[in-house]
Amino acid sequence: MKIYSCQMHIDQALDELIEKEEVYPIMKAVPEFEKLSTKCTYCKESALYVVANK
Ligand SMILES: [Zn+2]
């Protein structure tokens, strides 16, 4: 599972992943080339972070 998030929603993304996967999530910056085409899961901002379980 992967959740894309903007600056505002990163806490929400981390909480959601912990709740669903029951592991501590890994947070990475979205690569430059993906930023333009990737939106936050919770709003319409460009995603800055991707949270994943591995
Ligand atoms: Zn957002």
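Our structure's up above, just so we're on the same page.
Residues numbered from 1 in each chain as written. Predicted model: local features only at pLDDT ≥ 70, side-chain atom pairs only at ≥ 80, totals over all residues. Heavy atoms only, no water.

Now for the overall build of the protein. Assigned secondary structure in the protein consists of 2 helices and 3 strands. The C-alpha atoms of the protein give a radius of gyration of 10 Å, which matches the 10 Å a tight globule of 54 residues would have. With the C-alpha coordinates of the protein rotated into their principal frame, the extents come out at 30 × 20 × 15 Å. Considering the protein as a whole, with its 54 residues, one finds that 31% of them fall into the buried category. Accessible surface, the protein: about 3,900 Å² in total, of which carbon and sulfur atoms supply 55%. Taken together, the 7 basic and 9 acidic charged side chains of the protein have centroids lying 8 Å from each other. (Helix = DSSP H or I, 4+ residues; strand = E, 2+ residues; numbered from the N terminus. Rg over C-alpha atoms; globule rule 2.2 N^0.38 Å. Buried < 20%, exposed > 50% of the residue type's maximum accessible area, 1.4 Å probe, protein only. Areas by Shrake-Rupley, 256 points an atom, 1.4 Å probe, with all protein chains shown as cover. Lys, Arg positive; Asp, Glu negative; His and termini not counted. Charge placed at Lys NZ, Arg CZ, Asp CG, Glu CD.)

Cys6 (SG), His9 (ND1), Cys40 (SG) and Cys43 (SG) make up the full set of protein donors to the zinc ion, lying at 2.0 to 2.3 Å. Taken together, the 4 donor atoms coordinating the zinc ion and their angles of 101 to 117 degrees define a geometry best described as tetrahedral. Donor residues for the zinc ion, ordered by position in the chain, follow C-x2-H-x30-C-x2-C. With relative accessibility at 5%, the residue cysteine 40 sits in the buried group. (Donors = N, O, S within 2.8 Å, 3.2 Å for Na, K, Ca; no water. Tetrahedral: all angles 85-135°; square planar, octahedral: opposite > 155°, others 65-115°.)

A separate point is the pattern of salt bridges. Here the structure, examined in full by the defined rule, presents 2 salt bridges. Where glutamate 16 meets lysine 20, a salt bridge forms, and the shortest distance between an N and an O atom there is 2.7 Å. Linking glutamate 16 with lysine 20, this pair stays in helix α1 (residues 10–21), spanning 4 residues, or about one helical turn. Classification of glutamate 16 as partly exposed rests on a relative accessible area of 23%. Accessibility expressed as a relative area gives 53% for lysine 20, which makes it exposed. Notably, a salt bridge pairs lysine 35 with glutamate 32, separated by 3.1 Å at the nearest N-O pair. Of this pair, lysine 35 and glutamate 32 both sit in helix α2 (residues 32–35), 3 residues apart, roughly one helical turn. Taking the relative accessible area as the measure of exposure, lysine 35 reaches 23% and is therefore partly exposed. Classification of glutamate 32 by relative accessible area gives exposed; the value is 61%. (Salt bridge = Lys/Arg side-chain N within 4 Å of Asp/Glu carboxyl O.)

Read these as layout, nothing more, since geometry by itself doesn't imply function.
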